Amino acid sequence: MKEQLQKDFENTIKNLSLSQKDIEIKKFSLDNFINKGFPNRKEEDWKFSDLNKIINKNIGELSFYCEDKPTNKVDTSVFLDGLEHNKIVLINGRIEKIDFDYEKKGQIEIIEHSETVNKFYNNNSLSDLNNAFTNKSFKIAVKEGYQLSKPLIIYHTTNTKINSCNINLRLDFELHENSCLRLIDLFNDKSEKNFLNIFYNFDLKENSILKNYKVDKFENKNIKYLFNNIDQNKNSISETFILSSGSNFLKSEINCDLNGEHSSAFVNGIFSLDKNKHHEIRTIINHLTENTKSYQLIKSVLEDSSKAVYQGKIFVNSEAQKTDGYQLSKAILLNKESEFNAKPELEIYADDVKCSHGSASGSLNEDSIFYLMSRGLNYNQARELLINGFLLDVVEKITDSEIKNLIKNMIGIKE
Amino acid sequence: MENRQKEIDKLKDYKYGFSTDIENTRAPKGLNEDVIKFISNIKKEPQWMLEFRLKAYERFKQLKEPNWQKPKYPNIDYQDLYYYSAPKSMDDKPKSLDELDPKLLETYKKLGIPLQEQARLNGIAVDAVFDSVSVATTFREELIKQGIIFCPISEAIQKHPELVKKYLGSVIPLTDHFFATLNSAVFTDGSFVYIPEGVRCPMELSTYFRINASNTGQFERTLIIADKGSYVSYLEGCTAPMRDENQLHAANVELVALDDAEIKYSTVQNWYPGDKDGKGGIYNFVTKRGLCKGKNSKISWTQVETGSAITWKYPSCILKGDNSVGEFYSIAITNNHQKADTGTKMIHLGKNTKSKIISKGISAGFSDMTYRGLVDISSKASNSNNYTQCDSLLMGNKCGAHTVPYIKNKNSESNIAHEATTSKISEEQLHYCQQRGLSAEEAVGLIVNGFCKEVLQQLPMEFAVEAQKLVGISLEGSVG
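Let me begin by describing the structure that accompanies this report. (Residues numbered from 1 in each chain as written. Chains lettered and ligands numbered in written order. Predicted model: local features only at pLDDT ≥ 70, side-chain atom pairs only at ≥ 80, totals over all residues. Heavy atoms only, no water.)

Notes on the pattern of salt bridges
Counted under the stated rule, the structure contains 45 salt bridges over all chains. A salt bridge links Glu253 of chain A to Arg282 of chain A, with the nearest nitrogen and oxygen atoms 2.8 Å apart. Placement of the pair is Glu253 of chain A in strand β12 (residues 249-258) and Arg282 of chain A in strand β14 (residues 278-287), with a sequence separation of 29 residues. When sorted by exposure, Glu253 of chain A lands in the same class as Arg282 of chain A, which is buried. For Lys288 of chain B, the salt bridge identified is with Glu236 of chain B, shortest N-O distance 3.0 Å. On the criterion of sequence distance, the pair formed by Lys288 of chain B in strand β13 (residues 281-292) and Glu236 of chain B in strand β9 (residues 231-239) is long-range, its members being 52 residues apart. The class of Lys288 of chain B is buried, set by a relative accessible area of 3%. Overall, Glu236 of chain B belongs to the buried group, its relative accessible area being 4%. Because the salt bridges share partners, they merge into one network encompassing Glu44, Lys313, Lys343, Glu345 and Glu347 of chain A together with Lys70 of chain B. (Salt bridge = Lys/Arg side-chain N within 4 Å of Asp/Glu carboxyl O. Helix = DSSP H or I, 4+ residues; strand = E, 2+ residues; numbered from the N terminus. Buried < 20%, exposed > 50% of the residue type's maximum accessible area, 1.4 Å probe, protein only.)

A closer look at the packing of helix α2 (residues 33-42) of chain B against helix α3 (residues 47-62) of chain B
Residues and elements named next belong to chain B. Between α2 and α3, the least distance of the axes is 10 Å, while the angle of their chain directions is 155°. Relative to α3, the element α2 is oriented roughly antiparallel. The two elements α2 and α3 meet at a crossing, and its hand is right-handed. Residues Glu33, Ile36, Lys37, Ile39 and Ser40 of α2 lie in contact with α3, whose contacting residues are Leu50, Arg53, Leu54, Tyr57 and Glu58. Each residue belonging to the contact of α2 with α3 can be placed in one class, and the counts come to five nonpolar, one polar and four charged. (Axes fitted to C-alpha atoms, helices over the stretch in contact; angles between N-to-C directions. Parallel < 35°, antiparallel > 145°, perpendicular 65-115°, else oblique. Left-handed = near helix turned anticlockwise from the far one by under 90°. Contact = heavy atoms within 4.5 Å. Nonpolar A, V, L, I, M, F, W, Y, C, P; charged D, E, K, R; others polar.)

Considerations on α2 of chain B
All names here are of chain B. Within α2, the full set of buried residues consists of Val35, Ile36, Ile39 and Ser40. Buried residues of α2 fall within an arc of 135° about the axis and therefore sit on the same side. In α2, those exposed residues whose orientation departs by more than 90 degrees from the buried face are Asp34 and Asn41. On its buried face, α2 is in contact with α3 and α9 (178-186). The N-cap of α2, judged by a side-chain oxygen 3.0 Å from the amide nitrogen of Asp34 a few residues on, is Asn32. Phi turns positive one or two residues past the end of α2, at Lys44, with a value near 50°. (Arc of directions from axis to C-beta. Polar contact = N/O pair within 3.5 Å; in protein donor to acceptor, adjacent residues only side chain to side chain.)

Topic: the environment of Tyr102 of chain A
All names here are of chain A. By the element assignment, Tyr102 lies in the loop between β2 (94-99) and β3 (108-113). Of the residues examined, Tyr102 reaches a relative accessible area of 38% and is grouped as partly exposed. Along the backbone, Tyr102 and Ser149 are 47 residues apart, and their C-alpha atoms lie at a distance of 7.1 Å. With residues up to four places along the chain from it excluded, the contact list for Tyr102 reads Glu84, His85, Asn86, Ser149 and Lys150.

Focus: the nonpolar core
With 96 residues, the main nonpolar core has Ile154 and Phe173 of chain A together with Leu205 of chain B as its most contacted residues. Not counting residues up to four positions away in its chain, the partners in contact with Phe173 of chain A are Ile140, Leu152, Ile154, Leu181, Leu183, Tyr200, Asn201, Phe202 and Asp203 of chain A. In this structure, Ala27, Leu31, Val164 and Tyr194 of chain B belong to the second largest nonpolar core, which totals 53 residues. (Core = buried A, V, L, I, M, F, W, Y, C linked by side-chain atoms within 4.5 Å.)

Things to note about the environment of Gly326 of chain B
Residues and elements named next belong to chain B. Looking at the element boundaries, Gly326 is found in strand β17 (residues 325-334). By relative accessible area, which is 0% here, Gly326 ends up buried. Once residues within four sequence positions are removed from consideration, Gly326 is found in contact with Ile299, Cys317, Leu319, Met346, Lys354, Ser355 and Lys356.

Quick look at the pairing of strand β6 (residues 166-175) of chain A
Residues and elements named next belong to chain A. A large share of β6 lies buried, amounting to 10 of its 10 residues. Along β6, one buried face is formed by Asn166, Asn168, Arg170, Asp172 and Glu174 and the opposite face, lined by Ile167, Leu169, Leu171, Phe173 and Leu175, is buried too. Relative to β6, strand β4 (residues 137-142) is paired through five bridges, and the arrangement is parallel. From the neighbouring strand, Ile140 faces β6, where its bridge partner is Phe173. Looking at chain direction, β6 and strand β8 (residues 195-204) are connected through 10 bridges and run parallel. From the neighbouring strand, Phe173 faces β8, where its bridge partner is Phe202. (Pairing = 2+ DSSP bridges.)

With respect to the environment of Tyr387 of chain B
All names here are of chain B. As for its position among the elements, Tyr387 is in strand β22 (residues 385-394). With relative accessibility at 30%, the residue Tyr387 sits in the partly exposed group. Between the C-alpha atoms of Tyr387 and Ala417, which are 30 residues apart in sequence, the distance is 5.0 Å. Discounting chain neighbours no more than four positions away, the residues touching Tyr387 are Ser355, Lys356, Ile357, Ile358, Ala417 and Glu419.

Description of a positive patch on the surface
Where like charges cluster on the molecular surface, the positive patch consists of Arg41, Lys47, Lys53 and Lys57 of chain A together with Lys345 of chain B. Mapped onto the elements of the fold, Lys57 of chain A is located in helix α3 (residues 51-58). Assessed through its relative accessible area of 73%, Lys57 of chain A is described here as exposed. (Patch = residues over 30% accessible without salt bridge, like charges linked within 9 Å, V, L, I, M, F, W, Y side chains within 5 Å. Areas by Shrake-Rupley, 256 points an atom, 1.4 Å probe, with all protein chains shown as cover. Lys, Arg positive; Asp, Glu negative; His and termini not counted. Charge placed at Lys NZ, Arg CZ, Asp CG, Glu CD.)

Overview of the interface of chain A and chain B
Every contact between the two is made by 35 residues of chain A and, on the other side, 33 residues of chain B. The three residues of chain A that bury the most area against chain B are Lys336, Tyr349 and Asp351 of chain A, which together make up 21% of that side's buried surface. Scanning the region where chain A abuts chain B turns up two salt bridges. Notably, a salt bridge pairs Glu347 of chain A with Lys70 of chain B, separated by 2.7 Å at the nearest N-O pair. Where the side of chain A that touches chain B is concerned, the elements lending two or more residues are β18 (339-348) and β19 (354-362) of chain A. Top contributing element to the side of chain A that touches chain B by residue count: β18 of chain A, with 10 residues. By residue class, the composition of the side of chain A that touches chain B is 13 nonpolar, 12 polar and 10 charged. Here β19 of chain A pairs with strand β24 (residues 415-424) of chain B via seven bridges, running antiparallel. Bridge assignment links Ser356 of chain A to a residue of β24 of chain B, and that residue is Thr421 of chain B. (Buried area = accessible area lost by both parts, 1.4 Å probe.)

This is the structure:
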């Protein structure tokens, strides 16, 4: 793999006009990645999902250089109907279209910057990989006091032109004081057997609100890693929703630093898996100052021989008195072969806190099914009703009613 | 009230902190094949036992010391320890309590376990382990009438080799982790219990461990076998003198429960925790594992952990037999600079197996406490159930409380439920108690005892009283 990496790296930087300093940083990252390789189960954070093995098994040899073919035609059929929205279209990891037509001019700034800054505090090798190979990174800044009138949808599309490729993407968002952004990540893959490595960095200033909805709904054979780093200032709110369903393997990771008083973070997630899919959500919420709040709810429905993993950690620093932290994960296992693993973790150094977590997994309640069948439903209807009710709980947590309805339709939950 | 105050004053410091001045026989310092041969020789062990030890030592040499645990400790120089230390008077085994060195008798009397009296009173049979040897075992004759074997393990190796050979290392194999393997190579003494088929042990069996000599490690090994349909309740207590150095205690405890058998294992661990600045104290790195081998068997662990500078142990149950039950009740209290990383593992292999985990952690001062547990329901363990509850109580903002549960469910017909909370003693509760005339310290004691009640209830009566007191003492000075 080492030779391939070096060769692809040379090709990648050749096409970019980079300063000497940037090249050095990228080289440094590359060396780090070569040393560490893909994360494997020996690392505590990857204990339940051995990425190295998964890539070897599903993809084999990866190529890290994607040929720079100019504009792939944007396929408008992937666009969502029935919801007016701003768009960013990504094809095979390249930004093809940015469209903020619904917003006031001058309130949103898009900064193209190629300089490489390693701001991620997680020490896994994928951030090194991302640093070494991202070609262009964008920063989207929402100006002070501006609230986007329509949500922004980022279309992550891939097409059949790539195969066994590694795609690295990096986006920075800056929400200035009193601003608000609703962001939907919509994954739509036509390609097979690629590894997508996506890093987001959010900087939330005072009183700003971020709502991020990640929807991985469509069936595909790709392997994905999504990392969100969220820095929160005073009174800011972040809400993250993850629908984890379509890809062969998906690990969504959220690292949230609650730096300012009265800031709060909400993470809600649904695993709806079948076949031999393997998905994971890992969250780290760092309560670093007084009066901060976090809430997490993860529910899974697992069919066939699918596997879901939830690793959630609440960290409370000794200054962070009056913290309120809550975490709940529930899973329904529908098949003998399915598997649910959880590691809900609390690390607490302050005494005046309210922290709790709960985790439960098991089968569908036969008594409930019996109850429904005795009222005239057949087995499948009863089952569906129970599962929908189980998942609806999470969807109802979405605070934006437009998007709530959109996601309800996507999952096929009728009220 | 006055009496109670006096009692508390008396117990204020670590009251077991004295050491006994007694002549010792020691193995040469360090760890090598010769030392292992020395231990085996002095215990007059058969060849197969020596081979067992040497095999473990070979394995040990290849193993690396683990370091994933939360409490870090300075490197231990395994060549700078004495692996065997015993009172000289034990070289020729005394045949009865009357022949026992009076100094030893005195020591146990001071610890509150008067061996002679205990022998006369009805109730609990005691095996007293002093450094590396078992010095006395009471009530043996009475137990033997029912076919129960309760003796030091070194004696069992000679007298009941067939049982020891069959079960030793069957739950904790030679090739287990670093400390367990070290124990297999150099273990010195401990208790051996065999309960024959269909016998309900008429009294509580107990072992009292005492570290006395300095610069030694204590490596005891306990093996309890409950044959079909039998029942036994076993207690374990431990203390050590106050010293500025850290001493290593790496024990192995193996339990085997056959069809319909039940073992109840209770520990009140009160090793010397070190002084207020965290100097000295015992490193308590213990491997405890029970195997529910037969159908309908049950193993229940209860522990009250108040001592040791560092506690690092996970009493576990392997639920192999169908319908078997595993239970774990724990109170862990850390104060000053103590650290604990404790919890349990419940491995469900058989059908219809059930497990229950109740863990209560209390941390005060500058201490750090971690609950780490594993619940693993394998794909064959249909219709299994687990319930876990772990609550932590924090006193002050200089201490830490952590919960790290690992939950693995591979069976769709099985249920796992886990909940954990972390909180502090609320002002309202304190206010209510104080309003009714209790001092702040008494109020805390009362609330903490209530917090721990679920676990304390599981202890046998005599132990429960002691444990309740211990809970109060361990938290002394943590209020305000």
